[in-house]
Amino acid sequence: MFGAIAGAMVVAMVGASPVPSPQRVHLDIQVGEHTNNYPEIAAKDKLTELQLRARQLLDQVEQIQKEQNYQRYREERFRMTSESTNQRVLWWSIAQTVILILTGLWQMRHLKSFFEAKKLV
């Protein structure tokens, strides 16, 4: 129980056995409003049950707002990625069309000069 510690965490684990062997580790990480120990907060701040419930609801609202902001951020990043991909596809299609037209013109010119050289036209 670390309480409310923000930021990146580093966890180091050392095995008890000097011989390396596979070990199983269970890590229970709680984030958001689930990290608060409300009975402990109520005892420390001498809150009534109604005040404690109001604090829980405020914490839940704050967590919902954070989640909404995160989803907006992800949606914005996804939209930017989609628009960038669509633009690249558009330019790739235009480049392919130009190459196809130039190749067709070159082939027509080459065949015309070939037939003129053979005196078939």
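The rules behind each value
Residues numbered from 1 in each chain as written. Predicted model: local features only at pLDDT ≥ 70, side-chain atom pairs only at ≥ 80, totals over all residues. Heavy atoms only, no water. UniProt positions renumbered as here; feature names shortened; annotations may be inferred. Axes fitted to C-alpha atoms, helices over the stretch in contact; angles between N-to-C directions. Helix = DSSP H or I, 4+ residues; strand = E, 2+ residues; numbered from the N terminus. Parallel < 35°, antiparallel > 145°, perpendicular 65-115°, else oblique. Left-handed = near helix turned anticlockwise from the far one by under 90°. Contact = heavy atoms within 4.5 Å. Nonpolar A, V, L, I, M, F, W, Y, C, P; charged D, E, K, R; others polar. Buried < 20%, exposed > 50% of the residue type's maximum accessible area, 1.4 Å probe, protein only. Arc of directions from axis to C-beta.

Under an unreviewed UniProt entry, the name given to the protein is Transmembrane p24 trafficking protein 4, and the source organism is Serinus canaria. Regarding the protein, the relevant UniProt record gives this comment under Sequence similarities (unreviewed entry): "Belongs to the EMP24/GP25L family." The Subcellular location (unreviewed entry) comment attached to the protein in UniProt states, word for word, "Endoplasmic reticulum membrane".

Chemist: I would appreciate a short explanation of the packing of helix 1 (residues 38–45) against helix 2 (residues 49–117) in the present structure.
Modeler: Two numbers describe a pair of packed helices, the interaxial angle and the distance between the axes. At a minimum axis separation of 10 Å, helix 1 and helix 2 run at an interaxial angle of 130 degrees. The angle between the axes of helix 1 and helix 2 places the two elements in the oblique class. Here the hand of the crossing between helix 1 and helix 2 comes out right-handed. Of helix 2, the residues touching helix 1 (which contributes Tyr 38, Ile 41, Ala 42 and Asp 45) are Leu 52, Arg 55, Gln 56 and Asp 59. Among the residues making up the contact of helix 1 with helix 2, the classes are represented as four nonpolar, one polar and three charged.

Chemist: In this structure, what is going on with helix 1? I would like to understand it.
Modeler: One turn of an α-helix holds 3.6 residues; hence residues three or four places apart share an orientation. Among the residues of helix 1, Tyr 38, Ile 41 and Ala 42 are the ones counted as buried. What you see down the axis of helix 1 is that its buried residues fit within an arc of 100 degrees, all on one side. Those residues of helix 1 that are exposed and angled more than 90 degrees off the buried face are Pro 39, Glu 40, Ala 43 and Lys 44. Check the buried side of helix 1 and you find it contacts helix 2.

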